[in-house]
Amino acid sequence: MPKRSINMGIKIPCGKRCNILNINGRKVRYILEDAVKNGINGYLRVTTEGEGLEDYYIFVHGAGVAGAYGELGGGILGGPEALERAVEVTDGVVDLCTLNQDTVQELLHAFPNLQVKGLEHMAGGVGGYDYGSQREALLKKYNLKEPGEEFADSVVKDYLGA
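By convention here, each chain's residues receive numbers from 1 onward along its written sequence. Totals for whole chains, interfaces and linings use every residue, but because this is a predicted model, local features are given only for residues with pLDDT of at least 70 and side-chain atom pairs only at 80 or more, for both listing and counting. No hydrogens and no water enter the side-chain calculation; it runs on all heavy atoms of the structure.

Undergrad: Even after reading the chapter, I still don't get the overall build of the protein chain, so can you show me in this structure?
TA: Strands are runs of DSSP state E lasting at least 2 residues, helices are runs of H or I lasting at least 4, and numbering of each runs from the N terminus. In terms of helices and strands, the protein chain carries 5 helices and 6 strands. When the helices and strands of the protein chain are placed in sequence order, the string is β-α-β-β-β-β-α-β-α-α-α. Whether a residue is buried, partly exposed or exposed follows from its accessible area with a 1.4 Å probe, protein chains only, as a fraction of its type maximum: under 20%, in between, or over 50%, in that order. Burial status across the protein chain gives 41% buried among its 162 residues. Contacts are assigned to residue pairs with any non-hydrogen atoms lying within 4.5 Å of each other. When contacts within the protein chain are restricted to residue pairs at least 6 apart in sequence, those whose partners lie at least 24 apart make up 69%. Just so you have it, the protein chain exposes about 9,000 Å², and 51% of that area is on carbon and sulfur atoms. Residue-level accessible areas treat just the shown protein chains as cover; the underlying method is Shrake-Rupley with a 1.4 Å probe.

Undergrad: Sorry, what's going on with the sheet that holds strand S5 (residues 75–78) here?
TA: Picture the strands of a sheet paired through backbone hydrogen bonds; they go either parallel or antiparallel. In space, the 6 strands of this open sheet follow the order S1-S6-S2-S3-S4-S5, with antiparallel pairing throughout. Single-partner strands in this sheet number two, and they are strand S1 (16–22) and S5. Direction aside, neighbouring strands of the sheet carry axes that sit 15° apart on average. Examined bridge by bridge, strand S4 (residues 64–72) and S5 share 4 bridges and lie antiparallel to one another. Across the sheet, the residue bridging to Tyr69 is Gly78, located in S5. The sheet contacts of helix H3 (residues 101–110) involve strand S2 (42–50), strand S3 (52–61) and S4, and relative to S3 the element is tilted by about 115°. Any two strands with at least two DSSP bridges between them are considered paired. For every element, the axis is a line fit to its C-alpha atoms; helices are fit only across the contacting stretch, and the angle between N-to-C directions ranges from 0 to 180 degrees.

Undergrad: Is there a simple way to think about H3 in this case?
TA: Helical periodicity: at 3.6 residues per turn, an α-helix aligns residues three or four positions apart in one direction. Val104, Leu107, Leu108 and Ala110 are the residues of H3 that are buried. For H3, the arc enclosing every buried residue in end-on projection is 160°, short of the 170-degree limit, so these residues lie on one face. Lining the buried residues of H3 we find S2, S3 and S4. Side-chain atoms alone can form a polar contact between residues adjacent in sequence; in general such a contact is a pair of N or O atoms within 3.5 Å, and within protein one must be able to donate a hydrogen while the other accepts it. Two or three places before Asp102, at the opening of H3, Asn100 has a side-chain oxygen 2.6 Å from that residue's backbone nitrogen. An arc is given here, and it is the one of the directions from the helix axis to the C-beta atoms.

Undergrad: I'm lost on the nonpolar core in this one. Help?
TA: As used here, the term nonpolar core means buried Ala, Val, Leu, Ile, Met, Phe, Trp, Tyr and Cys residues forming a set that is joined through side-chain atoms within 4.5 Å. The biggest cluster of nonpolar side chains holds 25 residues, and the ones touching the most others in it are Leu32, Leu44, Val46, Ile58 and Leu83. Where this core is concerned, the elements lending two or more residues are helix H1 (28–37), S2, S3, S4, helix H2 (80–86) and strand S6 (93–98). When residues of this core are assigned to their parent elements, the largest contribution, 5 residues, is made by H1. Apart from residues no more than four positions distant in its own chain, Leu44 is found in contact with Ile31, Leu32, Ala35, Tyr56, Tyr57, Ile58, Val60, Val94, Asp95 and Leu96. Ranked by size, the runner-up nonpolar core spans 15 residues in total, among them Phe59, Ala66, Leu99 and Leu108.

Undergrad: Would you mind showing me how to read H1 here?
TA: Counting buried positions along H1 yields 9 of 10 residues, so the element is predominantly enclosed. By the burial criterion, the buried members of H1 are Val28, Arg29, Tyr30, Ile31, Leu32, Glu33, Asp34, Ala35 and Val36. Where H1 terminates, the next one or two residues include Gly39, which has phi positive at roughly 70°.

Undergrad: Explanation requested: unusual backbone geometry in the structure shown.
TA: Where the residue is not glycine, phi is negative for most of them; where a peptide bond is considered, it is trans in most cases. Despite not being glycine, Asn24 has its phi angle at roughly 50°, a positive value. Here Asn24 shows up in the loop between S1 and H1.

Undergrad: Explanation requested: the pattern of salt bridges in the structure shown.
TA: Between side chains of opposite charge, a pair can form as their charged atoms come close. The term salt bridge refers to a pairing of a side-chain nitrogen on Lys or Arg with a carboxyl oxygen on Asp or Glu at a separation within 4 Å. Across all of its chains, the model carries 6 salt bridges by this definition. One salt bridge in this structure joins Glu54 and Arg85, with 3.8 Å as the shortest N-O distance. Of the two residues, Glu54 is situated in strand S3 and Arg85 in helix H2; the sequence distance between them amounts to 31 residues. Given the relative accessible area of 9%, Glu54 is considered buried. One connected set of salt bridges, linked through shared partners, spans Lys27, Arg29 and Glu88.

Okay, structure coming up:
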């Protein structure tokens, strides 16, 4: 596929919806971290209302964040800029969709401006932020457990309709 810039909107493959979540004041970065930890291949579509309707797509591939894309009322964002805005969203809806790993790679190859580079975008520091100690403190404060197999099982059960 030839390389293209993102001057116009991109048609994102629909994938298979695993889950839909209301954000309800929780930053998207935490939802993204859970998806990365659970090895999701696909994307999170974040829909929120800013200055008009905003849609962000965060592409997860293997054990990390591979790319990001945003459609806003005022234009289009790609790569780290789109990721930085998307992970800060605290109101809206997140669709978690799976895609074939090859499809994610082809999309990011065709649109290199969407790519997010570097290990800082992996689970320990989504969006270049290291919030591990802060997260641990909040989990302890509110007597919460780390999401684990139960989260993955609930996503699979929701997907299968079980």
